[in-house]
Amino acid sequence: MTTPYQDRPLTAPISDPATEPYWNAAREGVLRLRRCQACKRPHWYPRPVCPFCAGDTEWKNASGLGTIYSVSVTRRAGPIPYALAYVTLDEGVTMLTNIVDADLDTLYIGQRVKVCFKPAEGDYSIPMFAPV
Amino acid sequence: MTIRRKACIVGAFEHPIRKAPDKTVAQLHAECARGALADAGLSLEDVDAYFCAGDAPGMGPTSMVDYLGLRVRHVDSTDTGGSAYLVHVAHAAQAIAAGKCNVALITLAGRPRSEASSGVAPRVVSATTPDAPWEMPYGPVTVNMYALAAARHMHEYGTTPAQLAWIKVAASTHAQHNPNAMLRDVLTVDDVLASPMIADPLHKLDCCVVSDGGGALVVVRPEIARSLTRTVVNVLGAGETVKGQLAGAVDLTWSGAAISGPIAFEEAKVRPSDIQYASIYDSFTITALMQIEDLGFCPKGQGGRFVEDGNLISGVGRLPFNTDGGGLCNNHPANRGGVTKVIEAVRQLRGEAHPQVQVRDCGLALAQGLGGLLGSRHGSATLILERA
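The shown structure was predicted, so the numbers you read here are calculated from the model rather than taken from an experiment.

(A) Looking closely at the overall build of chain B. Counting its regular elements, chain B contains 13 helices and 11 strands. For a compact globule of 388 residues, the expected C-alpha radius of gyration is about 21 Å, and chain B comes in at 19 Å, within 12% of that figure. Along the three orthogonal principal directions, the C-alpha set of chain B runs to about 55 × 50 × 40 Å. A total of 388 residues make up chain B; the buried ones form 64% of that total. Partitioning the intrachain contacts of chain B with sequence separation of at least 6 by distance along the chain shows that 76% fall at a separation of at least 24. For chain B, the accessible surface area stands at approximately 13,100 Å², while carbon and sulfur atoms represent 51% of it.

(B) Fine view of the pairing of strand E10 (residues 364–372) of chain B. Residues and elements named next belong to chain B. For E10, a buried count of eight out of nine residues is recorded, marking the element as mostly surrounded by other parts of the structure. In this structure, strand E9 (residues 277–280) lies alongside E10, joined through four bridges in parallel fashion. Each bridged residue has a counterpart across the sheet, and for Ser279 the counterpart in E10 is Ala367. Here nine bridges tie E10 to strand E11 (residues 378–387), and the two strands are oriented antiparallel to one another. Residue pairing for E11: Gln368 is matched across the bridge by Thr382. As consecutive antiparallel partners, E10 and E11 are separated by five residues.

(C) Up close: the sheet that holds strand E7 (residues 213–220) of chain B. Residues and elements named next belong to chain B. Across the sheet, nine strands lie side by side as E3-E2-E4-E7-E1-E8-E11-E10-E9; this open sheet has mixed pairing. Here the strands that pair on one side only, and so sit at the sheet edges, are strand E3 (74–76) and E9. Here the strands of the sheet are splayed against their neighbours by 20° on average, with no regard to which way each runs. Two elements, strand E8 (residues 233–243) and E11, share 10 bridges in a ladder whose sense is antiparallel. For Val233, the partnering residue across the bridge sits in E11 and is Arg387. Packed onto the sheet, helix H9 (residues 257–268) meets E8, E10 and E11 and runs at close to 155° relative to E8. Packed onto the sheet, helix H13 (residues 338–350) meets strand E1 (8–14), strand E4 (103–110), E7, E8, E9, E10 and E11 and runs at close to 115° relative to E1.

(D) Layout of the environment of Ser118(B). All names here are of chain B. Tracing the backbone shows Ser118 in the loop between E4 and helix H4 (132–135). Take Ser118: its relative accessible area is 27%, and that puts it in the partly exposed class. With 117 residues separating them in the primary sequence, Ser118 and Met1 have C-alpha atoms 41 Å apart.

(E) Summary view of the pairing of strand E4 (residues 65–74) of chain A. Residue and element names in this part refer to chain A. Judged by how many residues are buried, E4 sits mostly within the fold: eight of 10 residues are covered. One ladder, built from three bridges, connects E4 with strand E7 (residues 112–120); its direction is antiparallel. Across the sheet, Leu65 pairs through a bridge with Lys114, a residue of E7. Summarising the sheet, E4 and strand E5 (residues 82–89) pair through eight bridges and their orientation is antiparallel. Along E5, the bridge assignment pairs Ile68 with Val87.

(F) Molecular detail of the side chain of Asp55(B). Residues and elements named next belong to chain B. For Asp55, the location among the structural elements is in the loop between strand E2 (49–51) and helix H2 (61–68). Within polar-contact distance, the side chain of Asp55 engages the backbone nitrogen of Ala109 at 3.0 Å. If sequence neighbours within four positions are ignored, Asp55 has contacts with Val25, His29, Tyr85, Thr107, Leu108, Ala109, Ala334 and Arg336.

(G) Fine view of helix H1 (residues 25–40) of chain B. All names here are of chain B. End to end, H1 covers 23 Å across 16 residues, agreeing with the expected 22 Å (1.5 Å per residue, within 8%). Within H1, 12 of the 16 residues are buried, leaving the element largely enclosed by the surrounding structure. Every buried residue belonging to H1 is among Val25, Ala26, Leu28, His29, Glu31, Cys32, Ala33, Gly35, Ala36, Leu37, Asp39 and Ala40, and all of these are buried. After H1 finishes, the residue Gly41 shows a positive phi value of roughly 80°.

(H) Structural detail: the side chain of His332(B). Residues and elements named next belong to chain B. Its location among the elements puts His332 in the loop between helix H12 (326–330) and H13. Accessibility expressed as a relative area gives 5% for His332, which makes it buried. Polar side-chain contacts of His332 include one of 2.8 Å to the side chain of Tyr281. With residues up to four places along the chain from it excluded, the contact list for His332 reads Cys208, Val209, Ser211, Tyr281, Ser283, Gly327 and Gly337.

(I) Main features of the interface of chain B and chain A. With 35 residues of chain B in contact, the opposing surface of chain A contributes 40 residues. When chain B packs against chain A, close to 3,000 Å² is buried across both sides, 63% of that on carbon and sulfur atoms. When the buried area of chain B at its contact with chain A is split by residue, Trp134(B), Tyr138(B) and Ala247(B) rank highest and sum to 30% of it. One salt bridge in this structure joins Arg75(A) and Asp200(B), with 2.8 Å as the shortest N-O distance. Along the contact surface separating chain B from chain A lie 19 residue pairs in polar contact (both at pLDDT 80 or more). Elements with a minimum of two residues in the side of chain B that touches chain A: H4, helix H5 (142–157) and strand E5 (197–199) of chain B.

Parameters and conventions
Residues numbered from 1 in each chain as written. Chains lettered and ligands numbered in written order. Predicted model: local features only at pLDDT ≥ 70, side-chain atom pairs only at ≥ 80, totals over all residues. Heavy atoms only, no water. Helix = DSSP H or I, 4+ residues; strand = E, 2+ residues; numbered from the N terminus. Rg over C-alpha atoms; globule rule 2.2 N^0.38 Å. Buried < 20%, exposed > 50% of the residue type's maximum accessible area, 1.4 Å probe, protein only. Contact = heavy atoms within 4.5 Å. Areas by Shrake-Rupley, 256 points an atom, 1.4 Å probe, with all protein chains shown as cover. Pairing = 2+ DSSP bridges. Axes fitted to C-alpha atoms, helices over the stretch in contact; angles between N-to-C directions. Polar contact = N/O pair within 3.5 Å; in protein donor to acceptor, adjacent residues only side chain to side chain. Expected span 1.5 Å × (residues − 1). Buried area = accessible area lost by both parts, 1.4 Å probe. Salt bridge = Lys/Arg side-chain N within 4 Å of Asp/Glu carboxyl O.

Right, dumping it as structure tokens:
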């Protein structure tokens, strides 16, 4: 069985003061995360106040490399199958995402992936991951 | 302060309806309230505390207390999804123990079946929900956010789809005796595995039903319980928590039951091996499996082997579970199964379950709820109940 990846129409993401710099970076092809200025630990999803120590946080560029922590090909929630996944970035945090540009039936936990960006309405780019 | 034996469940009512296009959600709440009060032998004017969660229409208790015609001195609208109603029982017991109220009414109702809501529909999330911008673009629905946990469990522990299917088989074996259950056919492992794949590795029959309806509970002070005619069910212990993504250290191998369970067992002063009947929240087969492990009914990772071969079937296995058919086959009103978990535990302790599934001389039961999404953030609540 093969389930080729198909592009899924993406609506514009929620953009607010907490997310706008992230989407701006994504438009430039850069995945960012936030790291605490006090305890230096990165976290996910990005927040202005550190969930470990309540310190102020700042944007950092991520390598864009990671490993699939879990993946589920969603076959019956709309017309197009898609792969929902958690990817653990090499920086140590795990983010919800989609795995794209692959036969979805071949994806596996532990697989190495790299960030890519898929266009959404409103000139946004959404970070997703493809097998390396 | 402990709540051990400080409060009692004296009224429990499950609405028999499963499709209610001609009733409002508020009306279903009122019908459930009426049913639970009648079951207890109490009336509206006896109620002095009211509990509801996000399924209640309007501004929570502010709308519903007025609609139901109550006069209260204590309210609580804690919302931890489908587990909220178990939290409400615990909070009612705390309020009673603290002298804040005497007779607490808890209601749940909803119409997801009539409103065509389901586990593959996009979840309704406000734009101000802090996690929404980072997750909604990726198409999280309900079922795939449980499937991620199932896939990881299989990877870590070798759990198989057939083992998960045994959970549905056990629920269906019980549901055949429940005339109100939505699915009454006894299913096999092969039936589950042959049903359409919704989100790998969860099949259609790994999912719960979508049903309209509701339920209600009445929790009272022990002195009041003793003045009534119903078999008294004591609240012996309770635990609650919320588990999330741990700031990016996502770990899908355990649920909030690993926290709420031990708290409840410690307060109740009993062990998992003492439990004679367990209502385990079963939005999906994986939900039940994860909680069975986390509550200590078997070692972590061995849930698949534990549920095989009918081990959850009353009269057959070691842990009779969800003898009403559970959310998997009977009823999951408002897409929130918490209240029905407590109701079936009360039936078992009263000896009022269907004779084909009644646990003999059932004196100690557990009810476990998990609401929200197993794969991201969820509330968990554990109740331990005894026949007085």
